Amino acid sequence: MGEMDRRPPHDPSQLRVSDADREKVAEVLRRAAGDGRLEMHELDERLGATYAAKTYADLVPITVDLPEHPGRVGPAAPQRRPASAPATASHASSWAVMGDCKRRGSWRVPERHTALSLMGSVLLDLREATLDADTTHITANAVMGDVKVYVDAHTHVVVDGVPIMGDFKQSRDKVPFEPRAGSPTVVVKGMSLMGSVSVVRLPPPGTPRKILGTY
């Protein structure tokens, strides 16, 4: 896709900011001006830079010299998420041909993982997994079957697949997205042919389903 490649940058500070992120910084600037820490022309200049910011790296310098500097605005230095228990088994692929393949609990996920479902079902539960890389690339293909990927509240997700008489999507989250410093990124690409590939954000394993509904 060249310049239009939608893969997230390996440096999380280069991720795109939201309007809410810009407003958070703008509020810090307004309070600083009200306290006399910024002159009006400085406030105008910094507000202009805030609303023009594209990435987290653009926002951080704007308030770095203020007492209310929010520190890391959005993702900071990458760090790998520890699993709840030591993970020993590593799987580079998951296959299901007229059957089921389920990856749950504590397991290691390499930087690149391939999932294929042929008239079957593949489940990749990453909530307790150890991700070997800051950005994990999953190639998911479903042919008259389904591939499901479960992530936790803190994982960035990019879904970019091709549905052919099927679905390839991020389903409605069961818990809100809560990014934090070092949050991993999971990129899911591939194809679904008369099948389904879905990514859903879920609470920790063991949460009663009666609270969230069936998933």
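Just so you know, these numbers come straight off a predicted model, no measurement behind them.

What counts as what
Residues numbered from 1 in each chain as written. Predicted model: local features only at pLDDT ≥ 70, side-chain atom pairs only at ≥ 80, totals over all residues. Heavy atoms only, no water. Helix = DSSP H or I, 4+ residues; strand = E, 2+ residues; numbered from the N terminus. Buried < 20%, exposed > 50% of the residue type's maximum accessible area, 1.4 Å probe, protein only. Polar contact = N/O pair within 3.5 Å; in protein donor to acceptor, adjacent residues only side chain to side chain. Contact = heavy atoms within 4.5 Å. Expected span 1.5 Å × (residues − 1). Arc of directions from axis to C-beta. Pairing = 2+ DSSP bridges. Axes fitted to C-alpha atoms, helices over the stretch in contact; angles between N-to-C directions.

**Here we look at the side chain of Ser192**
Reasoning step 1: Examined against the element boundaries, Ser192 turns out to sit in strand S11 (residues 185–193).
Reasoning step 2: On the basis of relative accessibility, which here comes to 0%, the residue Ser192 falls in the buried class.
Reasoning step 3: Among the polar contacts made by the side chain of Ser192, one reaches the main-chain carbonyl oxygen of Asp167 at a distance of 2.9 Å.
Reasoning step 4: With residues near it in sequence (within four places) discarded, Ser192 still touches Ala142, Val162, Pro163, Ile164, Gly166, Asp167, Phe168 and Val197.

**As for helix H1 (residues 19–34)**
Reasoning step 1: With 16 residues, H1 should reach 22 Å at 1.5 Å per residue; the first-to-last C-alpha distance of 22 Å fits that figure.
Reasoning step 2: Within H1, the full set of buried residues consists of Asp21, Arg22, Val25, Ala26, Val28, Leu29, Ala32 and Ala33. End-on view of H1: buried residues confined to an arc of 155 degrees, all on one side of the axis. Facing away from the buried side of H1 by over 90 degrees, the exposed positions are Asp19, Ala20 and Gly34.
Reasoning step 3: Taken together, the buried residues of H1 touch helix H2 (40–52) and helix H3 (56–59).
Reasoning step 4: One or two positions beyond H1, positive phi appears at Gly36, with a value near 85 degrees.

**Focus: H2**
Reasoning step 1: For H2, built from 13 residues, the straight-helix expectation of 18 Å at 1.5 Å per residue is met to within 8% by its first-to-last C-alpha distance of 18 Å.
Reasoning step 2: Summarising the contacts, the buried residues of H2 are in contact with H1 and H3.

**Topic: the sheet that holds strand S5 (residues 121–125)**
Reasoning step 1: Reading across the sheet, the five strands line up as S2-S5-S8-S12-S10 and stay open at both edges, with parallel pairing between neighbours. In this open sheet, the two edge strands, each paired with only one partner strand, are strand S2 (100–103) and strand S10 (167–170). The sheet shows a mean angle of 10 degrees between the axes of neighbouring strands, taken without regard to direction.
Reasoning step 2: Where S10 meets strand S12 (residues 196–201), four bridges bridge the pair, whose relative direction is parallel. Across the sheet, residue Asp167 finds its bridge partner in S12, namely Ser196.

Nothing here speaks to function; it is all geometry.
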